[in-house]
Amino acid sequence: MNPTSRQLRPRPTGARKTRVKNGSAAERPAVNHGYFRGYDGTKLFYSTEGKGRPLVFCYGLVCSSLHWTYQIEYFSRQYQTIWFDYRGHQNSDTPKDLKSLTLEGIADDLKILLDELKIPDAVILGHSMGVNVVLEFAHKYPERVAAMILANGTPRRPIETFVSGNIMEPTFKGMRLLHEYAPRVLRKLWSLQPKNPFARVIASMGGFNPHLTPKEDIDFYLSSVAEMDPSIFVHLIENYADYDATPWLHSLKAPTLILGGEIDSLTPVSTQRLMDQVLPNSRLEVIQHGSHCAQMDLPEVFNLKVERFLGEIGY
């Protein structure tokens, strides 16, 4: 079933154009949309594009496939690219029990999706919180992971590194209190994000390199976040803030490419170095001038590094 209530994966209106290897523009392969049922019956949306070996894209906290647009456009010409909306996100339904908004639950949903698509294993790419989704999935279902590509993530307690410290913790505590005692106030403040110039400045400074990422991409991100129910964020951040993969990180054997942004102030390169030191089969590459969304700042550089890695592992 194809949803029609919203534009499913809006194309950024920036001037970038993806090109194939020979430098000529190529036609986009067909896109297929569908739904599947998560582990608790929640109706979840997914999309596939292209043919070939599967690449699965996992985005970050209250984000969308916008963050992978330039990679899906490029790699769908050689691979089957797959993404899905997490429970409570974008085109997927909100679960009846908001306590199910956990990284573990999202990993279980991903396993069900791969079963539905009859995919035995895949290369799985994660960005920001999506890195933790990938790590959790690889921990629970190692046989389903051909390789991991981990961009701008941290294996433990991500809130501690936001803006090089835990200064965001009081903000999240304040949101939890508003959610509990004044939910209408929280929804009103949350909905004002696209109109708030301060929010745009913070997004530019923290999440994007404003000199590289098109303004239209940043504006669309802020608008899509504002449309979400803030309770999704509040419940998911509780789980995400305490997530810690370091006790078992060393047990993940899949080939892994770790990518970091040189000027990422949310998950600094030091957090990616920690993963690289502990994971037994990994390599870290830093994208110069890249922010927390290096894949949007410099998509050609990002895609080249991913493509080279896929070639090295024979995928």
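Below is a short write-up of the structure. (Residues numbered from 1 in each chain as written. Predicted model: local features only at pLDDT ≥ 70, side-chain atom pairs only at ≥ 80, totals over all residues. Heavy atoms only, no water.)

## Some remarks on the nonpolar core
Now for step 1: Formed by 72 residues in total, the largest nonpolar core has its most connected members in Leu55, Met129, Leu135, Met148, Ile149 and Leu310.
Now for step 2: Leave out the neighbours within four places in its chain, and Leu310 touches Leu55, Phe75, Tyr79, Val123, Ile149 and Tyr315. (Core = buried A, V, L, I, M, F, W, Y, C linked by side-chain atoms within 4.5 Å. Buried < 20%, exposed > 50% of the residue type's maximum accessible area, 1.4 Å probe, protein only. Contact = heavy atoms within 4.5 Å.)

## Structural notes on the sheet that holds strand S3 (residues 54-58)
Now for step 1: The mixed open sheet is built from eight strands, whose spatial order is S1-S2-S4-S3-S5-S6-S7-S8. Lying at the two open borders of the sheet, with one neighbouring strand each, are strand S1 (31-37) and strand S8 (282-287). Across the sheet, the mean angle separating the axes of adjacent strands is 20° when strand polarity is ignored. (Pairing = 2+ DSSP bridges. Helix = DSSP H or I, 4+ residues; strand = E, 2+ residues; numbered from the N terminus. Axes fitted to C-alpha atoms, helices over the stretch in contact; angles between N-to-C directions.)

## A word on the pattern of salt bridges
Now for step 1: This model, assessed by the stated rule, comprises nine salt bridges.
Now for step 2: A salt bridge links Arg87 to Asp109, with the nearest nitrogen and oxygen atoms 2.8 Å apart. Of the two residues, Arg87 is situated in the loop between strand S4 (80-84) and helix H2 (103-116) and Asp109 in helix H2; the sequence distance between them amounts to 22 residues. Residues Arg87 and Asp109 agree in their burial class; the two are buried.
Now for step 3: Here Glu285 makes a salt bridge to Arg283, at a shortest N to O gap of 3.0 Å.
Now for step 4: Overall, Arg283 belongs to the partly exposed group, its relative accessible area being 28%. (Salt bridge = Lys/Arg side-chain N within 4 Å of Asp/Glu carboxyl O.)

## A short note on the packing of aromatic side chains
In this description, a pair of aromatic rings is defined by centroid distance and the angle of the planes.
Now for step 1: Counting across every chain of the model gives 12 aromatic pairs.
Now for step 2: Their ring planes at 65° and their centres at 6.2 Å tell us that Phe36 and Phe84 sit as a pair that is edge-to-face. A residue pair is termed long-range when its members are at least 10 positions apart, and Phe36 in strand S1 and Phe84 in strand S4 qualify at 48 residues.
Now for step 3: By relative accessible area, which is 4% here, Phe36 ends up buried.
Now for step 4: In this structure an aromatic cluster arises from ring pairing among Phe36, Tyr46, Tyr59, Phe84 and Tyr86.
Now for step 5: Lys43 extends its terminal NZ or CZ atom over the ring of Tyr35, reaching a point 4.4 Å from the ring centre. (Phe/Tyr/Trp six-rings, centres within 6.5 Å; stacked < 30°, edge-to-face > 60°. Lys NZ or Arg CZ within 6 Å of the ring centre and 35° of its normal.)

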